[in-house]
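One-letter residues, chain by chain:
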Amino acid sequence: METHSKASRLSRRQLLLSGGALALSTLAPRLSYAAPHRILRAAPHTAQILPSDWPATPTWAYDGQNPGPALRVKQGERLRILLQNDLDQPTTVHWHGLRIPHAMDGVPDVTQAPVQPGDQFLYDFTVPDAGTYWYHPHVNSSEQVGRGLHGALIVEETNPPKVDRDLVWVLDDWRLDRDGSIRDDFQRGMDISHGGRSGNFVTVNGRTPEPLQVRKNERIRLRLINVANARIFGLNFENHDAHVIAIDGQPVTPHTPGYDTVLLAPGQRADVILDFTGEAGSSHRIIDAAYQDEASLLQNIVYDTGVPVRETAPGPVPTLAPNPLAEPDLDNAEHHEIIISGGAMGAMQGAVYKGKYLPIAELVQDMRIWALNGVAAHTTAMAPMLNFALGKSHIITVKNETVFPHPMHLHGHTFRVLSQDDAPVPHTPWADTVLLNGRGTAKIALVADNPGDWLFHCHVLAHVQGGMTSVMRVA
Ligand SMILES: [Cu+2]
C-alpha cells in the first residue's frame, strides 16, 4: 500500500511522462505502467441551476458539469481516475459506499495527503460491489459539496435486470441569491448547531426538475442519490408503486417503502423500479414529502398519448443478485456503543476537544458543538473511537441524544441495519448510511473485513464542521 500511494502522487511532470508512456505502450504492451485512466478535473464553473430566465450560477464542478460526470464501470472492473485539482484550495475524492482499499478512500490526513491546488492524485481500485454510489470531496466538504462537487458512480451488474430505461437522479438543493450566486455562508453557526445547511432551490441532476415523460407500460429503474448538504428527500410517486430493489447500492428484497415514500437522507441512495401502468395522456405528481408540514411538488409524471411500450404491464419486479458481503455472525459478535450528543437544545455539558475536556460555552466559541462518545472532532486525523478486530463480527448501537436527525455514514464497510428505535427493520437492509431520528437509536452489524482507520461521521456536512466525525480502527 505504501508503494501504491507513492506511485499515486504524480506531479504534473510525471503526468506528462505517463501520457508519453501511454502512447508508447500501444507499441510496446509490456509497459503496463500507464494503463488507461480517466482525468477528473475539479475546477470553478458556471452552470444554469435556476430556470433559464434567471442568472447563471458560479459553481465548482468536476469536468465542467454539475453534477459531475456519471461514472459507469462494471462490477469487478478496475477504475483509474486521475484527480486534477484546479480549485484554489486542497481537495480529495471520496468514493461513497465503495468497499475499497484504505489508501483510495480520499480522507485527508488519514488515507492520503490533501491534493494541493495544481496537483494530481491517481485513484486506482477495483469495485467489488454492483450498485448506485457517488463521489465527492472529503476536504472542507460543506463548501466543496455545497458548491457542486459531486457525481454518480454506477457499478453495473454482470446481468442487470431488464428495464426500458435506467435513469440516475442526483437530488440536491442549493442556497442561492437572486443573482444566482451561491450564498457564501458555509460557516453559519445556526446551520452548524441546528439541522445543517439547507438550500432554497431543489434540483434534479443540477437543474430545475422537469416532468418525467413516460410511455404506458414502460419500466424504469430510477437510481436516486441524495447529495444535498442537509436536506432529507422523501419521494412519493402518486398512483404508482415505487419498488425499492436496492438501498445504498446493495440489493434488498423488493418492497414498497412505508408511507409509499422513498426516504433518502444526505448520502443515501435507493434504486427503485417504477412500472408506468397509468392511462396514456394522464399525469401524476411526484411529491417530496420528507418534511411533514412542507410537502411540495418535485415534478410531474406525464404519460405520452401514443402507443404503449408493450401491450401488458411489465412482469414481476426483479430481485438483484447479492454482492459478495460477509454476513455478520450476530450470536458471536462484539458489542459497541456510540452516543451522539450536542447541538442546539441539547443537554451536552462539554466534550473533549483537541485532547482536553472543554465546557460547552468554550466549545461554542470554536463552533464545535457535536460530539461522538464525548469527543468533538477538530480533524479527521484522530485517535480511534472504537477498535474493531479484523475479520470479526461487530454490533454497534448508535444512540442519538440530540433532537436532530443524523445520517451516520461509515467508510470502507457496508453494514446491516438490524433495528431502529428498538423495532426490527424489515429486510435488515445493507447500508453505508443510517438515518438516526431525533432521540432515536439504531443497531447495525458488520464484519470488519477491511483494515484501516475508517471514518464514521454524520453526512449533514455542517455537523461535520461542528465536530461530528470519528474514526473506527479495523486491525
Ligand atoms: Cu448530523
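Residues numbered from 1 in each chain as written. Predicted model: local features only at pLDDT ≥ 70, side-chain atom pairs only at ≥ 80, totals over all residues. Heavy atoms only, no water.

## What about the sheet that holds strand E18 (residues 283-288)?
- Read across the sheet, five strands follow the order E11-E19-E18-E13-E16 without closing on themselves; strand pairing throughout is mixed. Bordering the open sheet on either side are strand E11 (212-214) and strand E16 (261-264), each of which pairs with just one other strand. Direction aside, the axes of adjacent strands within the sheet are offset by 20° on average.
- Where E18 meets strand E19 (residues 296-303), six bridges bridge the pair, whose relative direction is antiparallel. Opposite Ser283, over in E19, you have Val302 as the bridge partner. (Pairing = 2+ DSSP bridges. Helix = DSSP H or I, 4+ residues; strand = E, 2+ residues; numbered from the N terminus. Axes fitted to C-alpha atoms, helices over the stretch in contact; angles between N-to-C directions.)

## Focus: the coordination of the copper ion
- Protein coordination at the copper ion: the donors are His406 (ND1), Cys458 (SG) and His463 (ND1), at 2.0 to 2.1 Å from the metal.
- Going along the chain, you hit the donors of the copper ion in the pattern H-x51-C-x4-H. Of this pair, His406 sits in strand E27 (residues 406-410) while Cys458 sits in strand E33 (residues 452-458), placing them 52 residues apart in sequence.
- Since its relative accessible area comes to 0%, His406 is described here as buried.
- Classification of Cys458 by relative accessible area gives buried; the value is 0%. (Donors = N, O, S within 2.8 Å, 3.2 Å for Na, K, Ca; no water. Buried < 20%, exposed > 50% of the residue type's maximum accessible area, 1.4 Å probe, protein only.)

## Brief notes about the pairing of strand E9 (residues 165-174)
- Counted residue by residue, E9 has eight buried out of ten residues, so it is predominantly covered.
- Bridge count for E9 against strand E12 (residues 218-226) is seven bridges, and the pairing is parallel. Each bridged residue has a counterpart across the sheet, and for Asp166 the counterpart in E12 is Arg221.
- In this structure, E9 lies alongside strand E10 (residues 201-204), joined through four bridges in antiparallel fashion. Each residue of the ladder has a partner; that of Trp174, found in E10, is Phe201.

## Overview of the pattern of salt bridges
- Counted under the stated rule, the structure contains 30 salt bridges.
- Between Glu218 and Arg165 there is a salt bridge; the shortest N-O distance is 2.7 Å. Of the two residues, Glu218 sits in strand E12 while Arg165 sits in strand E9, which places them 53 residues apart along the sequence.
- Taking relative accessible area as the criterion, Arg165 reaches 29% and is therefore assigned partly exposed.
- Arg223 is paired through a salt bridge with Asp271; the nearest N and O atoms lie 3.4 Å apart. Of this pair, Arg223 sits in strand E12 while Asp271 sits in strand E17 (residues 269-276), placing them 48 residues apart in sequence.
- Within this structure, Arg72, Lys74, Glu156, Glu157, Asp166, Arg221, Arg223 and Asp271 form a network of salt bridges that share partners. (Salt bridge = Lys/Arg side-chain N within 4 Å of Asp/Glu carboxyl O.)

## Concerning the sheet that holds strand E4 (residues 78-85)
- Within the open sheet, the four strands sit side by side as E2-E1-E4-E6. Their pairing is mixed. This sheet does not close on itself; its edge strands, each paired only once, are strand E2 (57-62) and strand E6 (120-126). Sheet twist, expressed as the average angle between the axes of neighbouring strands with direction ignored, equals 20°.
- Strand direction decides the pairing type here: E4 and E6, joined by seven bridges, are antiparallel. Looking at the pairing, Leu83 lines up with Phe121 of E6.

Function-wise, these values are silent; they only describe arrangement.
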